[in-house]
Amino acid sequence: MARLTEDAKGVYVIAVTPFTDDGALDLASIDSMVDFYESTGVTGLTVLGQLGEAPKLTAEESRLVVERVLKRLDGRLPVVVGVSAPGLAPMRELAEAVMGAGAAGVMVAPPWTVRTDDQAFSFYQSVGEALDDTPFVLQDYPLTTNVTIAPGVIERIVRDVPNCVMLKHEDWPGLAKISALRAASGSGAMRRISILCGNGGLFLPEEMGRGADGAMTGFCYPEMMVGVVEAYGAGNPDRAHEIFDAYLPLARYEQQQGIGLACRKYVLAKRGVIKSAALRKPGAKLSALDIADVERLLARQTLRLKEIGA
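Residues numbered from 1 in each chain as written. Predicted model: local features only at pLDDT ≥ 70, side-chain atom pairs only at ≥ 80, totals over all residues. Heavy atoms only, no water.

**As for the pairing of strand β1 (residues 10–14)**
Counting buried positions along β1 gives five out of five residues, so the element sits mostly inside the fold. Bridging between β1 and strand β8 (residues 214–215) involves two bridges; their strand directions are parallel. Residue pairing in the sheet places V11 in a bridge with A215 of β8. Here three bridges tie β1 to strand β2 (residues 44–47), and the two strands are oriented parallel to one another. What sits directly across from V13, in β2, is L45. (Buried < 20%, exposed > 50% of the residue type's maximum accessible area, 1.4 Å probe, protein only. Helix = DSSP H or I, 4+ residues; strand = E, 2+ residues; numbered from the N terminus. Pairing = 2+ DSSP bridges.)

Written out as structure tokens, the structure reads:
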């Protein structure tokens, strides 16, 4: 498998981790999930992300999930693996294992202990050294990590840490950050790296307009993200917004803190992608009223997609 580079673009969907109703890993559903994601036209997969319930997995389970995904894809699509850890040793150990198994790169979020600009730079400088030549994604998700990394700090990291090849942009609000980084690379102040965006795709059309290369996030309809990115790539932002608008009510609902992942898994199970909508405990579960909301949104989405011919 080719390694992740600064030229990466498209949609790297954040994969859920399927469990059975009693909380065991569902390996068969990993296979069907991978097949489904590939059928929607995504560029790649990202596993063991925040919404892949990675913190709930044992080290052995994490390796098992990655190996199963890689085996099912058999090199057809690149796979990025989340390896964030409190210490560099377990991070390096997992990174070496997944890269040896055929992953294209890894993703690293900062620990909550990072508080200053210098600490953020020093952390990623250490990550770059620990991972040797493994290409990695800087995950900038302050809503979850409580770590804010200013554009100037990202510029410094990109200049001094050569194996940082991608920014997973999830700052909110964050459009100005994309503009600042693209201006910096345009002026030669830093090399141009790939910028793929998160937050469930809620701002994807605007992010593409600011110079993002695509999305690295999850949504129960990855077709939306693929359609938006392809329309922008074809020079048709109006069509991108039209596609986005049809899915927006459900995407908004899915972004709720607490039940968002439960909503995503409910729809994926309904679509036959995974067998069970269960989250591993502790995890949220949709109420009857939540399910009624989702069903209503799905029905309205179907009508809207017919109206726009998508």
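From this point, the discussion proceeds with the structure in view.
**Quick word on the sheet that holds β8**
Read around the barrel, eight strands follow the order β1-β2-β3-β4-β5-β6-β7-β8 and close on themselves; strand pairing throughout is parallel. As paired elements, strand β5 (residues 136–140) and strand β6 (residues 164–169) share five bridges and run parallel to each other. In the sheet register, F136 faces β6, and the bridge partner there is C164.

**Thoughts on helix α2 (residues 59–73)**
Taking 1.5 Å of rise per residue, the 15 residues of α2 would be expected to cover 21 Å, and the 22 Å separating its terminal C-alpha atoms lies within 8% of that figure. Within α2, the full set of buried residues consists of E61, S62, V65, V66, V69, L70 and L73. The buried residues of α2 all sit within an arc of 165° when viewed along its axis, so they share a single face. Along α2, exposed side chains directed more than 90 degrees from the buried face belong to E60 and K71. Residues of α2 that are buried make contact with α1 (27–39), β2, β3 (79–82) and α3 (88–101). One or two residues past the end of α2 sits D74, with phi positive at roughly 55°. (Expected span 1.5 Å × (residues − 1). Arc of directions from axis to C-beta. Contact = heavy atoms within 4.5 Å.)

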